[in-house]
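One-letter residues, chain by chain:
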Amino acid sequence: PMKSVLVVDDNELVRNLIVTILEDAGIEALTAASGREAIRLFADQGAAIGCVLQDLSMPQMPGEEIVAALLEIDPALPIIILSVDDPSYSATRLSGLDIAAYIRKPFDTDLLVGKVREFIE
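What counts, and where the lines are drawn
Residues numbered from 1 in each chain as written. Predicted model: local features only at pLDDT ≥ 70, side-chain atom pairs only at ≥ 80, totals over all residues. Heavy atoms only, no water. Helix = DSSP H or I, 4+ residues; strand = E, 2+ residues; numbered from the N terminus. Contact = heavy atoms within 4.5 Å. Lys, Arg positive; Asp, Glu negative; His and termini not counted. Charge placed at Lys NZ, Arg CZ, Asp CG, Glu CD. Buried < 20%, exposed > 50% of the residue type's maximum accessible area, 1.4 Å probe, protein only. Pairing = 2+ DSSP bridges. Right-handed = clockwise from strand over helix to strand, strands pointing away.

### Considering the overall build of the protein
At step 1: Within the protein, the regular secondary structure consists of 5 helices and 5 strands.
At step 2: Its helices and strands in sequence order give the protein the pattern β-α-β-α-β-α-β-α-β-α, from N to C terminus.
At step 3: Taken along the three principal axes of its C-alpha coordinates, the protein extends 35 × 30 × 25 Å.
At step 4: Sequence separation of at least 24 residues holds for 62% of the intrachain contacts in the protein that already meet a minimum separation of 6.
At step 5: Measuring between centres, the 9 positive side-chain charges of the protein sit 2 Å from its 20 negative side-chain charges.

Put into structure tokens, the structure is as follows:
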């Protein structure tokens, strides 16, 4: 069976948009509005989650800290970063972390769906 995607973004509109895009493509999505919520969800349901879409600009806990915490639970977890930032700036922030892919916002819908499929099928 195809695994689901965990969408981590503090912006509710963006979260809902991504979920709609994924569900329209037949991909099941779970969401988290904060790092704490994402880590708790993954700790509980990690076996069902095939990849994570992680926003880099998060309040409270920055995206790279969430990524580090998720990879501590499962080092093989594919994490796709979504960010408005310049990729080289983000690369500095994510230095040393094993990132599966990087998608810059605003993103192309087909690109997003295609990337996610690579990791969950």
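### Quick notes on the pairing of strand β4 (residues 79–83)
At step 1: Burial runs high along β4: 5 of the 5 residues are buried.
At step 2: The alternating pattern of β4 places Ile79, Ile81 and Ser83 on one face and Ile80 and Leu82 on the opposite face, and all of these are buried.
At step 3: Pairing geometry for strand β3 (residues 49–55) and β4, over 4 bridges, is parallel. Within the sheet, the bridge partner assigned to leucine 53 lies in β4 and is isoleucine 80.
At step 4: Between the parallel elements β3 and β4, the chain passes through helix α3 (residues 63–73) in a crossover that is right-handed.
At step 5: Both β4 and strand β5 (residues 101–104) contribute to a ladder of 4 bridges, which runs parallel. Residue pairing for β5: isoleucine 80 is matched across the bridge by alanine 101.
At step 6: With respect to chirality, the unit in which β4 leads through helix α4 (residues 87–93) into the neighbouring parallel β5 is right-handed.

From the geometry alone we can't say anything about function, so treat these as descriptive.
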